[in-house]
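Coordinates in review
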Amino acid sequence: MKKIVLSIAFVGLLTSTSFAQRSHKNPIQTGLKAGANMSTFMGGYTQEFKPGLQIGGTVEIPLSYYKKFALQTELLYSVQGYKGAEYDQIDLETDKVTETLKLEDVTTHYLYLPITVKYYVSDNFSLELGGQVGYMLHAKGQFDVNKYNTAREYLYFTDPNFNIDSDLEKALFEAGYRSKDPDNYYERLDFGVIGGFNYHLENGIYFNFRYYFGLQDVYKIDNDYKNIEKPTNPVAPGFPPISEEAYKELTKEVDYVNEHLKFDPIRNTSIQISIGYKF
């Protein structure tokens with residue numbers, strides 16, 4: 001009887017010790033991370049990658065007994081955007097390049113909530129896959145990359161400093177072509193998928209590589225405007241009609257713009273490298 005009791009006690013001791021060791025290796029962990037990203041807008045006209053930064057906090061919750069799987073959620077502040085590419089200005093009559101211009105750089109500020117499932121290949125190396133949803137806090141840069149084109153002069157035909165209440169000016173501002181207010185054409189909500197890997201050190205420091213592919217059309221609001229309507233003649237109330245030749249040139253540019261504008265979905269994408277520390 002004593003042997004049986006001693007055996008049960010010994011097994012119980014081993015079990016509790018093993019459980020304690022596994023629990024010690026398997027806690028909920030919180031941490032901080034910071035790093036850099038290279039981002040751009042994909043779709044439509046290709047733009048150049050722009051460097052930015054990201055910073056935030058993390059919480060990791062084990063999903064399996066030996067911590068092979070874990071759920072990680074983060075709250076990240078991320079600076080993204082793109083560096084504007086060059087484009088050619090083309091004469092409508094000769095179809096020849098008259099000058100080469102550069103699209104304006106765009107900087108966007110997002111607050112993201114990434115959620116990933118992590119698989120630990122070893123104690124020091126893990127893979128991650130998941131998604132994230134974000135909210136645009138601010139944007140600098142007023143041009144939709146879909147809307148720059150070889151007839152850009154038409155978009156500058158009206159000058160807001162003149163305060164002319166014309167059909168043309170109203171259409172341009174409503175469509176976001178002339179406005180610097182991001183609310184006029186940027187979608188505030190962003191979401192997409194993320195994937196990457198982590199390398200963990202024994203002292204709590206880890207390195208993270210991640211790729212983000214957005215699924216939201218950044219210019220969804222602006223893309224609702226499929227065409228710019230032809231202006232009337234006169235182009236503004238209270239002003240005399242422009243000449244027939246000038247009006248003909250203007251309508252020609254409108255047709256050219258509508259033919260060459262793109263409305264492809266434009267999505268955020270970024271390559272992220274960061275360093276973090278888990279407590």
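Preceding this section is the structure that the text describes.
So, here is what we can say about the structure in this document. Fair warning: this is a prediction, and the values are worked out from it, not measured in the lab.

On to the sheet that holds strand E8 (residues 189-200). Read once around its circumference, the closed barrel built from 8 strands follows the order E1-E2-E3-E6-E7-E8-E9-E10, with strand pairing classed as antiparallel. Taken pair by pair, the neighbouring strands of this sheet meet at an average axis angle of 25°, ignoring direction.

Secondary-structure assignment places Leu-75 in strand E3 (residues 69-82). In this structure Leu-75 comes out as partly exposed when scored by relative accessible area, which is 49%. Leu-75 sits 19 residues away from Gly-56 along the chain, and the two C-alpha atoms are 5.5 Å apart. Excluding residues within four positions of it along the chain, Leu-75 makes contact with Ile-55, Gly-56, Gly-57, Leu-111, Tyr-112 and Pro-114.

Along the chain, the position of Tyr-199 falls in strand E8. The spacing of Tyr-199 and Asn-124 is 75 residues in sequence and 5.6 Å in space, taken between C-alpha atoms.

Attention now moves to the pattern of salt bridges. All chains considered together, the criterion is met by 5 salt bridges. In this structure, the salt-bridge partner of Glu-60 is Lys-118, at a minimum N-O distance of 3.1 Å. Here Glu-60 is found in strand E2 (residues 50-62), whereas its partner Lys-118 is found in strand E6 (residues 106-120), with 58 residues between them in sequence. Overall, Glu-60 belongs to the buried group, its relative accessible area being 1%. Within this structure, Lys-33, Glu-74, Glu-128 and Arg-210 form a network of salt bridges that share partners.

Rules used throughout
- Residues numbered from 1 in each chain as written.
- Predicted model: local features only at pLDDT ≥ 70, side-chain atom pairs only at ≥ 80, totals over all residues.
- Heavy atoms only, no water.
- Pairing = 2+ DSSP bridges.
- Helix = DSSP H or I, 4+ residues; strand = E, 2+ residues; numbered from the N terminus.
- Axes fitted to C-alpha atoms, helices over the stretch in contact; angles between N-to-C directions.
- Buried < 20%, exposed > 50% of the residue type's maximum accessible area, 1.4 Å probe, protein only.
- Contact = heavy atoms within 4.5 Å.
- Salt bridge = Lys/Arg side-chain N within 4 Å of Asp/Glu carboxyl O.

Such coordinate-based values are descriptive only and should not be taken to indicate function.
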